[in-house]
Structure formats: C-alpha cells, structure tokens
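Overview (structure and organization)
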Amino acid sequence: MTKMLTVEANPMDCYLRVDRIPHIWCAGCGIGPATGCFIRAIDRAELDPNKISVVSGIGCAGRMAGYIKLDSFHTTHGRALPFATGLKLANPELNVVVFSGDGDLVAIGGNHLIHSARRNIDMTVICINNFNYGMTGGQVGATTPLDARSTTTPYGNFEYPFNVPYLMTACGATYVARWTVLHVRELERSITEALNKPGFSFIEVLSPCPTVYGRLNKLPRGLDEMRSYREKSVIRDGADPKDVDLSLNGPIVVGKFVDIERPTLWDSYRQMLDRASKL
Amino acid sequence: MPKDNVLCGEFFMNGDIACAEGAISAGCRFFAGYPITPATEVAERMSERMPEVGGVFIQMEDEMASMNAVLGASWAGVKAMTATSGPGFSLMMENLGLGVMLETPCVLVNIQRAGPSTGLPTLAAQGDMMQARWGAHGHYEIIALVPTSPQEIFDLTITAFNFSEQYRVPVLVMADEAVGHMSEKVVIPRISQKELVNRPRPRGSPEKYLPYDSRMGLVPPMAVAGEGYRFHVTGLTHDERGYPVMTAEAQDKLVRRLVDKIKLNAKDIVRYEEIDVDDAEVVVVSYGIAARVARYAVQKARDEGIKVGLLRLITVWPFAEDRIRELAPRLKAFIVPEINYGQIVREVERCAAGKAKARLVPHMGGGVHLPETVLEAIREES
C-alpha cells in the first residue's frame, strides 16, 4: 500500500507571509508563478534574506511586496524605483529588488525607469507585463499591443507599445532579459543571475491576465494565454533588443538579451568621493 | 572646519545655505532634490557638503522621485531631506502622503515663491500655507515651521528633524524666497548628540515586531531595512502588522492615531514669539518674512501710543489655536499680514470665534508689505 506523505509546509514558505495567504490574484494570473520563481531564485542566489528589500508600486503585481517575508515596501503608483533608489544609496549593502507591473513601471513610472537604468543603480527590476491595467479592470497601457482590446480601447488599441527590453538597453541597463511565466526554469535562473549581477538588471515577465486582458482578446482562460506563449515563444539569447518588439499575433522573442559590465552608480559615487577628499 | 566637517562658528550666509547647514548639524546624511528657483542653493550646498560629511547627495529626475528617494533613505535608517519651491511642492504632495501613511521621519523644505503655477519664480510669497496643511489627499495632521531669518531657518531645520524623528512624520519647513536668499549673520553652535532626537526603535525579537504597534504610545517603534525585522509597510490602510485591511474600522483606527499623535501633542509642538502682547488691544499675527515687516509696524504704532502687540507664529501647523482663543476675548482685533490673499487669517478667524475681529492685510506676492500698510491697519483697528 502506498503511504500518504503529508507536507506541512512548502520549503519556500520561509520567504512568504503565509498568514496573508490566500492572495488576491485571480485564478490563472501569472503573478503567482513569477513570485514563485523569485523566491526560489533568492534561495538559489544564496543571499542573506535579511539584507534583501523588495519595493513595489501599485497594481496587481504591486501587491507582491505584501506577500513576501522580507523587508518590503508597497509605495505609490509608479514610484517604486525612486523609493528603492533612496534605500539603496542610503544603505548600499542592501540587495534591492523592485517587483511591479508594466503600467506602474513603464507608464506612470516611465521617467523613473529610464533614469534608474541610465544611472545603472545596482538593483534588480522584475516587471510583470500583462499588457493592461488589471487591477482597475483592463485599461490600455504603454505595453498593450497595437489593435488589442481593452476597456478604454473598445475598438482596438491605436497606439504603438514600448519595446521595453530595447528601451532598457538604450538607457544603459547592464542586464536585460524577457521571459514568460511559462518559462519557469529560465525565469528562475535569470532572476538568480540578475540578483548577483552588479548594476541595473531588468527582467520583463510576460504574464496572463485572463480576467480582463485575456477575456477581451480571445484568451479567456489562464491556460489559453500560456498555450499562446508555448506556441509563439522563441528563445533567442543575445537577440538584438531592437528586434524583440511584441505584437498581437506575432512571435514572442524571449531570452537574455543583454549582460554587460558598466560601473554602477555606487562605483562612480565612490570615485567622486575620492576626488572630493583629495581637494 | 572641525574633524567631522560639521560647521561651528559665526558665518555670513543666505537662508538656503543656512538651511542646508542646519540639516547637517541635525544629522541629515541624505539629500535628494531637483533644481528649482529659489530653493536650488539648498541642493547645491548639499551636493558639496554631503560628500564632506559622509552622506549622500543625489539629484533625481523630478520632485516625485526626490520625495520618494528621501522616504527610501529614511527607511534605510538615515536622516533625509529634500528642498523645493511651489511647482515642486505640488509634485511632492503625492509622496508626502505616503510619508505620512508609512510614518516616515524626513524633512521637506519649501522656499516659497509666488504662484499659482509658474508664477514669480524669483520673488517671495506665502501662498502655500494651506497646501502645507491639506496638500496631500486624505485626512492627516502635519507639522510645519516658518522661519523668519537665515539664523532661524538654521535653528528650525534642526527642530524639524527632531520633530520628524519624535513623531514619525514628515516635517515641513515653510520658508520663502526672501528668507532663502537673504544673507545675514548665522551663528552655528556645536550641536551635541543630546540635542538631537532619534526615532523610537524596536526592542525585542524581530519575530514579534509589529511595525505599527501603538500599545506603548501613539508613535510606534520603527525598524529599518536590513536589520532582520523583515517587516512590511504599505500606503494602503493597514493594521498594526502593517498588513492591508480594507475596512472602515481599520481606517478609523489608523487615521485617528495618525492625527492624534500630532493633535494631542500640539502643546509640545506649537511655538510662537510674542512682543508687547500683555497689554495689547490689537495683536498682529504674522509669520515668516511678513512678520519682520509687521514687527517694524508694531514698533512704530507703539511709538504712537497704540496698544498693539505681535504674535509671530513659528509653527503654523499645528496652529496656535489655544493662544488665539485665549487672547480673543480681550482684544479689539487681530491683524494678519500675510503674502497671500488670506490663508492663515482663516485660522485666526476660526479661533477668535467672533470674540475679536480678524482682519487680513494681504499681499499677492512678488514682494513684502510696506510697513505703512500694516501700520495703517493697526491705526484703523485700534
């Protein structure tokens, strides 16, 4: 007879505020799997959890900070990056991670995003891209593909979206990758690399939003969007970021696009301090 | 300069620079800002001085970022400040609210210029006094100090840091272009550690730590990032664990405490200066640069035999309500010269409650009152 094995707790529970589960995310949402990848990556990266700070903005992905058992900050809409900048500069020993959504980071927080990458401040940014504003009910965003439906583009989106990895590369990010939540192993490995990589690391994570974006775009169940990732994804490590833009029915190029060395903000700050002390 | 590079001695400096030096004496070691007239000199001074005192200066991409970087630095355990003027002050309101909600000690300096909008960037005004009180959305209580000279902006910047640490609230220094750009003698004393206040810190094990535990008082102990407390804080309405709770009951408990921690301590916070108030029949209530003109007008009126006094507000928020209530029954009138079209006069009128007249002497901004204008109002009301 097979013996039943009862698992009281997931080995990764130590990274979660289990007293806050169940979470608020919809069935089929991709933020949960991305969070799973993140906490396994922390474990793999062998970082001291007491020295990690997680900063989120507003929106579905922004709620992640509330579920993770680390020093965690749920800030204002779009402002996770400058808050994280203050944390990191005031205590450079902290490993600072910004985990938030596309609307938060790329639209309302777009200015902070480009400047953080330009400064090459040493932090890891995990950007959940579900192609719309999920929490407010599915409005168009800066990443919504052309022609896609949303509650504020009932006749189809008439704006071109950002190619976010290309934008981040142009701004000077030292690590740029894109995965979908279907690519759990690759995503986990990529976050592990990013956590240990000095400088500004940016990972775009494509994630289903069956409740609104999916329902409005003929992908009504979480699995439908996952299936489309499987069918349309092409892994191309080292692809030129200018060629990885997304469209409604086109291929989804995923992979690690950029992994370069450049002095971090703190490296340059320390050099400036040396110059100042010699005056 | 002493070994720790904190200034000490007598200097001739403008208000903006005195403000920066006050912050340094108060232990500020992080400044984030964005250039804006007439507050830019605060940032310029900090960019030079922070490296000298082992601190960090960063010029951010805008004022929303500046305010947020200051909050982040404070949560890393460092005393932090930003400085701006009208348009930047408007942009900072969003995250001033976050600072209030997270109960983050920090200092926000507003070197006021005339508005609305771009207004008169290089000329003084006091038009942001109500924005200081109510500028962020939601109901909250704030502390705002108003300096009248470069010496006082130095002193009050230290006070601002002390209040912010004591009450875990962003504190506003509401100066104006005239005070910011005026150069005068500033005496910088050696500030001992005993004169500086530090935020209440948690004792006991991190496992039992509650970020908003108010059982021991209205101001909860504050852990900072990286110490092993592994806490969560949020701009959402939250309970003592820092966890979001979306109920009217949680809202009631939280907002009451955020307000009460200032309101119930107003007696210890409110500061003002009085001249010749004891036998006065008319009292001029003024603050900042306007109070310097008012002081001269009061002296002139006294020379004419008019029983007039000056009540100079040092804190505008919380407002000196008790003092106005106390004085009102025995006065003919309060006269309120301010460089706006009537802001603090509303508070004076509210507290006077019909027992004494509250007369506004407005100036729309771009300069200061002529002493004669204030003197004429005193003559008319006496």
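Scroll up to find the structure.
Residues numbered from 1 in each chain as written. Chains lettered and ligands numbered in written order. Predicted model: local features only at pLDDT ≥ 70, side-chain atom pairs only at ≥ 80, totals over all residues.

**Some words on the overall build of chain B**
Filter applied, for reference: For the purposes of this entry, the term helix denotes a DSSP run of H or I that reaches at least four residues, the term strand denotes a run of E that reaches at least two, and both are numbered from the N terminus. This radius of gyration counts C-alpha atoms alone. The globule rule is 2.2 Å times how many residues there are, raised to the power 0.38. Burial is judged by counting other C-beta atoms within 10 Å of a residue's own C-beta: 20 or more means buried, 12 or fewer means exposed, and anything between counts as partly exposed, with every C-beta placed from the backbone.
When helices and strands are tallied, chain B shows 13 helices and 16 strands. A compact globule built from 382 residues would reach a C-alpha radius of gyration of about 21 Å, and chain B, at 21 Å, matches this within 12%. With respect to the principal axes defined by its C-alpha atoms, chain B has extents near 70 × 50 × 40 Å. The buried share of chain B, taken over its 382 residues, is 57%.

**Overview of unusual backbone geometry**
In this chain, I21(A) is followed by P22(A) through a cis amide linkage whose omega measures 10°. The linkage connecting W317(B) with the following residue, P318(B), adopts the cis geometry, with an omega of -5°. Residue placement: P318(B) occurs in the loop between β14 (315–317) and α11 (321–327). The backbone of N120(A) sits at a positive phi, close to 55°, despite the residue not being glycine. Looking at where N120(A) falls in the secondary structure, it is placed in the loop between α4 (110–119) and β4 (123–129). A positive phi angle, close to 75°, is found at D147(A), a residue other than glycine. By secondary structure assignment, the location of D147(A) is in the loop between β4 and α5 (164–171).

**What about helix α2 (residues 80–90) of chain A?**
With eleven of its eleven residues buried, α2(A) lies for the most part within the structure. Buried within α2(A) we find A80(A), L81(A), P82(A), F83(A), A84(A), T85(A), G86(A), L87(A), K88(A), L89(A) and A90(A).

**With respect to the sheet that holds strand β12 (residues 282–287) of chain B**
Residue and element names in this part refer to chain B. Selection rule: What makes two strands pair is DSSP finding at least two bridges between them. To obtain an axis, a line is fitted to C-alpha atoms, over the contacting stretch when the element is a helix, and the angle between two such axes runs from 0 to 180 degrees between their N-to-C directions. In this description, a residue-residue contact is defined by the distance between C-beta atoms placed from the backbone, which must lie within 7 Å.
Reading across from one edge, β11-β13-β12-β15-β16 is the order of the five strands in this open sheet, with mixed pairing throughout. Two strands in the sheet have a free side with no partner beyond their single neighbour: β11 (272–275) and β16 (357–362). Direction aside, the axes of adjacent strands within the sheet are offset by 20° on average. Where β11 and strand β13 (residues 308–313) come together, four bridges link them in antiparallel fashion. Following the sheet pairing, E274 is matched in β13 by L311. Across the sheet, helix α13 (residues 371–381) touches β12, β13, β15 (333–338) and β16, and the angle it forms with β16 is around 160°.

**Observations concerning the interface of chain A and chain B**
This is how the line gets drawn: Three classes are used: nonpolar for Ala, Val, Leu, Ile, Met, Phe, Trp, Tyr, Cys and Pro, charged for Asp, Glu, Lys and Arg, and polar for all others, with Gly counted as polar.
Contacts between the two partners involve 33 residues from chain A and, on the opposite side, 38 residues from chain B. Contributing elements (two or more residues each) for the side of chain A that touches chain B: β2 (71–74), α2, α4 and α9 (265–278) of chain A. Each residue belonging to the side of chain A that touches chain B can be placed in one class, and the counts come to 13 nonpolar, 13 polar and seven charged. Where β2(A) meets strand β10 (residues 232–234) of chain B, three bridges bridge the pair, whose relative direction is parallel. In the strand pairing of β10(B), F73(A) is matched with V233(B).

**Thoughts on the sheet that holds strand β8 (residues 252–259) of chain A**
The nine strands are arranged β7(A)-β8(A)-β5(A)-β6(A)-β4(A)-β3(A)-β1(A)-β2(A)-β10(B) in an open sheet whose pairing can be described as mixed. Taken across any chain shown, the strands that pair with only one partner, and hence form the sheet edges, are β7 (233–235) of chain A together with β10 of chain B. Strand after strand, the sheet turns through a mean of 20° between neighbouring axes, direction not considered. Bridge count for β7(A) against β8(A) is three bridges, and the pairing is parallel. Counted as the bridge partner of V234(A) is V253(A) from β8(A).

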